[in-house]
Amino acid sequence: MVGRRRLGRQFGWLWTSYAVSAYGSGLGFGALPLIAVLVLHAGPAEVSALSAVGPAVGALIAVPLAPWVEFRRKRPVMIMMDLTRFTAMATIPVAYAFGWLSFVQLLVVSAVVAAAKIAFNAASGAYLKALVRPDDLLVANARFESTNWSSIAVGPPLGGAAVGLFGPVTTVVADALSYLLSALGITAIRGQEEAPRTTDKSPIRAGALLDGWRHIMGHPGLRPLYLNNLLVGGLIMATEPLLAVLLLRQLGFPPWEYGLAFAVPCFGGLIGSRLARRVVARFGRHRVFRTVGTLRAVWLIGLAFTRPGIVGLVTVMAVELAIIINMSLYSPVLATYRLEHTPRHLVARALSAWSIGQQASIAVLTALAGLLADVTSPRTALTVAGLLILTTPLLLPRQDQTSQHHEPELSRSHS
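Residues numbered from 1 in each chain as written. Predicted model: local features only at pLDDT ≥ 70, side-chain atom pairs only at ≥ 80, totals over all residues. Heavy atoms only, no water.

## Description of empty space enclosed by the protein
Unfilled space is identified by rolling a water-sized probe across the atoms. Considering all chains together, one arrives at 2 cavities of 30 Å³ or more under this definition. Computed from the structure, the second largest cavity encloses a volume of approximately 100 Å³. Along the walls of the second largest cavity sit 14 residues, with Phe29, Leu34, Pro156, Gly159 and Gly160 positioned nearest its centre. Listed by contribution, the elements that provide at least two residues to the lining of the second largest cavity are helix 1 (9–27), helix 2 (31–38), helix 6 (137–166) and helix 10 (255–263). In terms of residue count, helix 6 provides more of the lining of the second largest cavity than any other element does, 4 residues in total. (1 Å grid on protein atoms, 1.4 Å probe; cavity = no way out; pocket = protein on both sides within 12 Å on 5 of 7 lines; lining within 4 Å. Points joined across faces, edges and corners; volume = space filled by probe spheres on them. Helix = DSSP H or I, 4+ residues; strand = E, 2+ residues; numbered from the N terminus.)

Okay, here's the thing in structure tokens:
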């Protein structure tokens, strides 16, 4: 069982650091859109721009960081990225206290945090592959997935209550401090990390920026999974600012109910992530990709039917629960497959390329959804997103694409 398998003290520190950061981010879930709405009185287009432009700029910043991360020891990179996120987030409560807070500052902070997150995730993925045995990768990824969803389950209602009691930037302070504590936890990991090896005299060359995408797009299994994930993730995330405006402004939900609507369904993430290893063992990875990959896409349309009061709250919870159970089962399987089929010298660049593409997709689709909501209404934009995501299962890989070249890729990855 996932919960009983020991992966060592070093993994324990890495997992603890991740948990601290995840719970801090859970408390601050949706904090920037919330501040934009409640403090700066932003409209749908501005809130969507905050969720789109910041991550898009962050993705651009992360492009040259990918080879830089690849050819450096990963623990110092993770610590540096945590400290960068701490510093950026800490500027918001300072500016708020002095009355200097602006929409532009929120955009800048969003971009810096997005770039640092991509670099951190690339470094931690590469470090994880070197830290645990290949047979334990799915167990490790399932633990991260479980922690992520439990943090979102607990964090938003507490964050919503904190905002109501102590003010709109309270959760930002908690999020910033969580990055500082995460950095301290990573510092506690002992053992000498092997320096990355390269035969290239100038590893950070222009072509290195694209090596991650070359690997993904040239792999018969990763390519369709990547394209599918771009659209599914982008369309799901595009609904977040739309729901913020719909629930908080148009339907009059208080902040604590808004947090509750997203928090309670996240307990479904504990179910999916804990089932991942057993479901793969019983049904096979390909069936998980095809079946669960389809099931995570069919529920989003339900958000378009959200109404005021308890009925609307239950509608959002039910839709989010169905999505999250399937996502939390699918994601660790995908993360493990991606690591297994990426050679060690390309892991950081491939993970960066994956994250950059995902952020760009989220940015574009969120911006388009925001413009559509501004011209029509948030409910109309939710309907369009829900209909578009129904087409995404067509991009999921066929049987021969996920099984092809499996053994050669594994041998190269662990050589």
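## As for the nonpolar core
Residues Ile236, Leu243, Leu247, Leu300, Leu303, Leu382 and Ile389 are the most contacted members of the largest nonpolar core, which totals 39 residues. Contributing elements (two or more residues each) for this core: helix 6, helix 9 (222–250), helix 10, helix 13 (309–340), helix 14 (347–375) and helix 15 (378–389). When residues of this core are assigned to their parent elements, the largest contribution, 10 residues, is made by helix 9. Those residues within four positions of leucine 247 in sequence are excluded, and the remaining contacts are Gly252, Phe253, Tyr258, Thr306 and Val316. Grouped together as the second largest cluster of nonpolar side chains are 29 residues, Phe11, Ala140, Ala183 and Ala348 included. (Core = buried A, V, L, I, M, F, W, Y, C linked by side-chain atoms within 4.5 Å. Buried < 20%, exposed > 50% of the residue type's maximum accessible area, 1.4 Å probe, protein only. Contact = heavy atoms within 4.5 Å.)

## Examining helix 7 (residues 170–187)
With 18 residues, helix 7 should cover 26 Å at 1.5 Å per step; its first-to-last C-alpha distance of 27 Å lies within 8% of that length. Among the residues making up helix 7, those that are buried are Thr171, Val172, Asp175, Ala176, Ser178, Tyr179, Ser182, Ala183, Gly185 and Ile186. Elements in contact with the buried residues of helix 7: helix 1, helix 2, helix 4 (74–97), helix 5 (103–131) and helix 6. (Expected span 1.5 Å × (residues − 1).)

## Quick look at a nonpolar patch on the surface
There is a patch of nonpolar side chains on the surface, built from Leu83, Val173, Leu177, Leu180, Leu181 and Leu184 and spanning about 490 Å² of accessible area. Top contributing element to the nonpolar patch by residue count: helix 7, with 5 residues. Among the structural elements, leucine 180 can be located in helix 7. Overall, leucine 180 belongs to the partly exposed group, its relative accessible area being 30%. (Patch = residues over 30% accessible without salt bridge, like charges linked within 9 Å, V, L, I, M, F, W, Y side chains within 5 Å. Areas by Shrake-Rupley, 256 points an atom, 1.4 Å probe, with all protein chains shown as cover. Salt bridge = Lys/Arg side-chain N within 4 Å of Asp/Glu carboxyl O.)

## Side note on the side chain of glutamine 359
Relative to the elements of secondary structure, glutamine 359 occurs in helix 14. The buried category is assigned to glutamine 359, whose relative accessible area is 14%. Ignoring any residue separated from it by four or fewer positions in sequence, one finds glutamine 359 in contact with Pro55, Ala59, Ala114 and Ile118.

## Let's talk about the environment of isoleucine 79
Mapping isoleucine 79 onto the fold places it in helix 4. Counting along the chain gives 232 residues from isoleucine 79 to valine 311, while the straight-line C-alpha distance between them is 44 Å. Filtering out sequence-adjacent residues up to four positions away, isoleucine 79 remains in contact with Ala183, Ile186 and Thr187.

## Observations concerning the confidence of the model for the protein
The share of residues in the protein with pLDDT of 70 or more is 92%, and the mean pLDDT across the chain is 85. For the protein, helix 17 (residues 406–413) is the element with the lowest average pLDDT, namely 37, and helix 4 is the one with the highest, namely 94. Across residues 404–415, confidence stays below pLDDT 50; counting only partners more than four residues off in sequence or on other chains, it has 22 contacts. (pLDDT = per-residue confidence, 0-100.)

## Focus on the side chain of aspartate 211
Relative to the helices and strands, aspartate 211 resides in helix 8 (residues 211–218). For aspartate 211, a relative accessible area of 12% corresponds to the buried category. Polar contacts involving the side chain of aspartate 211 include one to the side chain of arginine 349, which spans 2.7 Å. (Polar contact = N/O pair within 3.5 Å; in protein donor to acceptor, adjacent residues only side chain to side chain.)

## Digging into the packing of helix 3 (residues 44–70) against helix 14
Contact geometry of helix 3 with helix 14 gives a least axis separation of 8 Å together with a crossing angle of 165 degrees. When the axis of helix 3 is compared with that of helix 14, the two are roughly antiparallel. Classified by chirality, the crossing of helix 14 by helix 3 is left-handed. Across the contact of helix 3 with helix 14, the residue classes tally to 17 nonpolar, 6 polar and 3 charged. (Axes fitted to C-alpha atoms, helices over the stretch in contact; angles between N-to-C directions. Parallel < 35°, antiparallel > 145°, perpendicular 65-115°, else oblique. Left-handed = near helix turned anticlockwise from the far one by under 90°. Nonpolar A, V, L, I, M, F, W, Y, C, P; charged D, E, K, R; others polar.)

## Quick word on the packing of aromatic side chains
This structure, assessed with the given rule, holds 7 aromatic pairs. Ring centres 5.6 Å apart and planes at 80 degrees place the aromatic pair phenylalanine 289 and tyrosine 337 in the edge-to-face group. With a gap of 48 residues between them, phenylalanine 289 in helix 12 (residues 285–295) and tyrosine 337 in helix 13 connect regions that are remote in the sequence. As far as burial versus exposure is concerned, phenylalanine 289 and tyrosine 337 are alike and both buried. Taken together, the ring pairs in this structure connect Phe11, Trp15, Tyr18 and Phe144 into an aromatic cluster. In this arrangement the basic side chain of arginine 296 is found over the ring face of tyrosine 330, its NZ or CZ atom lying 3.9 Å from the centre. Just above the ring of tryptophan 354 sits the side chain of arginine 338; from NZ or CZ to the centre is 4.8 Å. (Phe/Tyr/Trp six-rings, centres within 6.5 Å; stacked < 30°, edge-to-face > 60°. Lys NZ or Arg CZ within 6 Å of the ring centre and 35° of its normal.)

## Observations regarding the packing of helix 14 against helix 15
Following both chains from N to C, one finds helix 14 and helix 15 inclined at 140 degrees, their axes separated by 7 Å at the closest point. The orientation of helix 14 relative to helix 15 falls into the category oblique. Crossing of helix 14 against helix 15: the hand is right-handed. Where helix 14 approaches helix 15, its residues Ala369, Leu372 and Ala373 are matched on the opposing element by Pro378, Ala381 and Val384. Residue composition of the contact of helix 14 with helix 15, by class: 6 nonpolar, no polar and no charged.

## With respect to helix 4
Every α-helical turn comprises 3.6 residues, leaving residues that sit three or four positions apart pointing alike. Spanning 24 residues, helix 4 covers 36 Å between terminal C-alpha atoms, matching the ideal 34 Å at 1.5 Å per step. Trailing helix 4 by a residue or two, glycine 99 shows a phi angle of about 75 degrees, which is positive.

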